[in-house]
Every structure is written in structure tokens, then in C-alpha cells.
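Each chain is listed here by its residues.
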Amino acid sequence: MNLLSLSLSLLLSSAAAAATVAHPAPDASGKYTLTAPGIKAQFVPYGAGLSNLFITDKHGVARDIVLGFDNATAYTTDRTHDHYGGVPGRYANRIGNATFTLSNGKTYHVDANNGPGNANTLHGGSNGWDYRNFTVLAQTPRSIEFGLLDPAGSMGFPGAVRARVKYWLTARAWHIEMTATSLTELTPIMLSSHVYWNLDGFANPSTADARGHTLHLPYSGLRIAVDDALIPTGELLPNTKGGFNDLWSGPKRIGAGRDSDEAKGNCGTGCTGYDNAYLVAPHDVETEPVAVLRSPWSGIGVSVFSEQEAFQVYGCEAQSGTAPIKKTQGRKGGPRTVVNGGCVVLEVEDWIDAINHPEWMREKKQVFGPGETYKLTARYEFDTVK
């Protein structure tokens, strides 16, 4: 065998070997684990979801501070998981009347799965992206990347979309980058991260809820007005200083002011609390957080940085004590389910249902033609106050 033949043979052998290398394997629970100084996170392909996130609290205990399941298979069998930790898509939040008309004049009717009579669409429909298994594209000890091809017509949306979701850790920080490229037609795309937080890891001996957490949205003086089914009316409302929706003037206990008239119906018919989209004013997205959540009991705080121009806050008002917490959470003798108000969801996103409100001029942020790419980035920085 001459030198050229030998080189070619070695090259082909190397290529064949590389082709047979399996994707990174999950652990016995079906999860992929990343670690960095002061932080550990676990992910599942289902919805490209965050399932566990550990931060050490002021008592010296590593707390798992997000909702999820002990085993990855539970996500596929229990569809009451309320979008735990996943990426809702292809259009996050709600679409009024499950219908929209794009600038090309075409009207689309998408899967209706929410609201009275299931008239509206929530998080992309009954088989939205956070109900699907993503492909693991790559993993390192500190990063993981997921991919999804959403075919044309899926849930009624036009055109095919290719999405990538990359997560990585640095010291006491979790980073997100989501991209989604329209492949064939003009289509709406708006994503988010739908993580349920309890910064006590459900271990607080005084309360199982998260209403003692404080929340600060320093750039959110306005919110989107919604009807009783949480569909935007088109109006933008001021968050009056001192009122229930004043989360901008300083850190505020999530449970404060729940007996006020403003709190009643604030999150829809018969609902007291939060399920609202707050607009985010211009600021330095690299150095100034859009939100800061903190637990006085654990001392754990999370500061959220993002370029997204809206921020949904949901106070887990619909939790009824039936959803289980994980084995990595809770305390001896404490409740093993999520009580009403036992968590808070913080969603970085764009203006909700803006595809039905052209007067808001969000088309360049939410509607993409062939070859155009949507992008979302976010960074979650954790600290612990003793």
C-alpha cells in the first residue's frame, strides 16, 4: 500500500469512527447535567427543558429551585406539567381567537387549546414545542444544544421552521440562546423560557408558597391590558406607583396587596394575583437586569438579563396542591406538592399577541420570511445573601 492509499484509508477510517460516535448519553433519569462553579443544572430533550437547577443557599444547602419531574419520562406521560421549564413555540403566550392575518394578506387559524370554549391558542397549541422531544445536537461539561425541525402546517402555522436552543453555564450563571429560522414561508415566531421558580426549593419551614419572595422589574412601568381570558385588548396600562402592579419602583413581596381591588381579576376572571405581560423600557441589556427575584429565607436571588421587550409574570395562581415536587426538593414532614402560589414563572419574551395588533408595530420582531432568523438571549445570574 503506497503512502497516498494509506492516508486515504486512515482518513476514511477516522470518518467512519466519527460517524459511529453516539450523541452524549443522559443519566439514568434521562437528564443531561451541566456544572460550573456554584451552579449545577439538568436538562431534558422534552421541550428542551430545564428540569433541575441547584444553587447553595445561606444555610449552606444546595437547593433545587425549579419545578420539574424526577425522571425525564414523566414529562411525556404527564401532560399536566404546565410547560415546566420548556421552550413554548412556535408562538409563546396567547393568540386571540387562535387566528391571525399576516402582511401578505393570508389569514391562518391555528390550534385552539385555551380559554373559554378553547377559543384561543396558548404556547403554540396542544402540541407546541414544549410538548415535543428536541434532538441533542452537542454537549460539553458546561453546555448543551438542542434542535427541532417544525414542519409546515404544524399546529396550523405556515411554513417550516428550524430551531436551535443552546444553554451554557458560567460561574453562578445560566445562559440561553434561542434561534429559529423560517425556511419556506412568512410565519410568526416568538419564543420564551417557561421555568417555574421557588428559590426556597420548597424547604422553607414557615411557608410552602413563594409569595414571600420579592420581585423587582425596574423598567416595567407599563403592562398590556387583557380581557377576562388574558387576551390583549390593544390598550397599554400604567403600573401606578404604589399599586398592585407596581413592580418597578422597588423590590416588592409577590404576595403583597392581594386583598386590593386591583389584584382581583388581575390575572383573568376569578383570579387574584399575577399573570401579566409587563413591557420593558430601553436600558443597558448587558449590565441592567429586567427582573430580580429573591427569597429572604434562602437568601438566593436571581437577576435576569435579556434584550426582550416584554416580561410575563405568573404567580402560580392555578396551582392546587396536586402537582408533585421532586425528591431533590422539600423538607422532612413538609408538603410534597405545589401549593397555590407555590412558585413564580418569569418569561422573557416580546409583546404578547402582537401579531393581532399591527398598531404596536412588532412585525419585525415577530414575523419572519424564508431565510430570516428570530433570536432570543437571556442570562440568569445567581447570588446568595447571608
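Whatever comes next refers back to the structure up there.
Everything numeric in this text was worked out from a predicted model, so none of it was measured. (Residues numbered from 1 in each chain as written. Predicted model: local features only at pLDDT ≥ 70, side-chain atom pairs only at ≥ 80, totals over all residues. Heavy atoms only, no water.)

Chemist: Break down the nonpolar core for me, citing the residues and quoting the values.
Modeler: Leu53, Tyr167, Trp174, Trp197, Phe311, Tyr380 and Phe382 are the most contacted members of the largest nonpolar core, which totals 59 residues. With near-sequence residues (within four places) excluded, Tyr167 lies in contact with Leu34, Phe43, Ala48, Val87, Arg142, Ser143, Ile144, Phe146, Trp174, His175 and Ile176. The next biggest cluster of nonpolar side chains, apart from the first, holds 21 residues, and it includes Ala92, Ile95, Tyr108 and Ile352. (Core = buried A, V, L, I, M, F, W, Y, C linked by side-chain atoms within 4.5 Å. Buried < 20%, exposed > 50% of the residue type's maximum accessible area, 1.4 Å probe, protein only. Contact = heavy atoms within 4.5 Å.)

Chemist: Break down the state of the cysteines for me, citing the residues and quoting the values.
Modeler: Here, the word disulfide means a covalent bond between the sulfur atoms of two cysteines. Within the structure shown, the criterion is met by two disulfides. In this model, Cys267 is linked to Cys271 through a disulfide, with the two sulfur atoms separated by 1.9 Å. A torsion of -95 degrees about the S-S bond marks the disulfide between Cys267 and Cys271 as left-handed. Look at Cys267 and you get buried, because its relative accessible area is 5%. Each disulfide in the protein links cysteines that, numbered along the sequence, combine into the pattern 1-2, 3-4. (Disulfide = S-S within 2.5 Å.)

Chemist: For the pattern of salt bridges, give the residues involved together with the corresponding values.
Modeler: Pairing between side chains becomes possible if they bear opposite charge and their charged atoms approach one another. Under the criterion given, the structure shown has 14 salt bridges. Across the salt bridge formed by Asp150 and Arg132, the nearest N and O atoms sit 2.5 Å from each other. Of the two residues, Asp150 is situated in strand 10 (residues 143–150) and Arg132 in the loop between strand 8 (121–122) and strand 9 (135–140); the sequence distance between them amounts to 18 residues. Residue Asp150 is classed as buried on the basis of its relative accessible area, which comes to 1%. Judged by its relative accessible area of 13%, Arg132 is buried. Residues Glu286 and Arg379 are paired through a salt bridge, measuring 3.7 Å at the closest nitrogen-oxygen approach. Of this pair, Glu286 sits in the loop between strand 19 (275–279) and strand 20 (291–294) while Arg379 sits in strand 25 (residues 373–384); the two residues are 93 residues apart in sequence, bridging distant segments of the chain. Judged by relative accessible area, which is 15%, Arg379 ranks as buried. Among the ionic contacts, a cluster of salt bridges with common partners joins Glu309, Asp350, Arg362 and Lys365. (Salt bridge = Lys/Arg side-chain N within 4 Å of Asp/Glu carboxyl O. Helix = DSSP H or I, 4+ residues; strand = E, 2+ residues; numbered from the N terminus.)

Chemist: Report on the environment of Pro296, specifying residues and quantitative values.
Modeler: Checked against the element boundaries, Pro296 lands in the loop between strand 20 and strand 21 (300–306). Since its relative accessible area comes to 52%, Pro296 is described here as exposed. For the pair Pro296 and Arg253, spaced 43 residues apart in the sequence, the C-alpha separation amounts to 10.0 Å. What Pro296 contacts, discounting residues up to four positions off in sequence, is Lys58, Gly212 and His213.

Chemist: Now, about the sheet that holds strand 25: what can you tell me, with residues and values included?
Modeler: Note on sheets: strands pair through backbone hydrogen bonds, and any given pair is parallel or antiparallel. Strand order across the open sheet formed by nine strands is 9-10-11-12-25-21-20-15-18, with antiparallel pairing between neighbours. Of all strands in the sheet, those bounded by a partner on one side alone are strand 9 and strand 18 (252–253). Looking at chain direction, strand 15 (residues 214–216) and strand 18 are connected through two bridges and run antiparallel. Along strand 18, the bridge assignment pairs Thr214 with Arg253. (Pairing = 2+ DSSP bridges.)

Chemist: So, unusual backbone geometry: which residues are in play, and what are the values?
Modeler: The omega angle of the peptide bond from Gly89 to Arg90 is 10 degrees, so this bond is cis rather than trans. As for its position among the elements, Arg90 is in the loop between helix 2 (73–77) and strand 5 (94–95). With a phi angle near 65 degrees, Asn93 is a residue other than glycine that sits in the positive phi range.

Distances and angles like these do not, on their own, reveal function.
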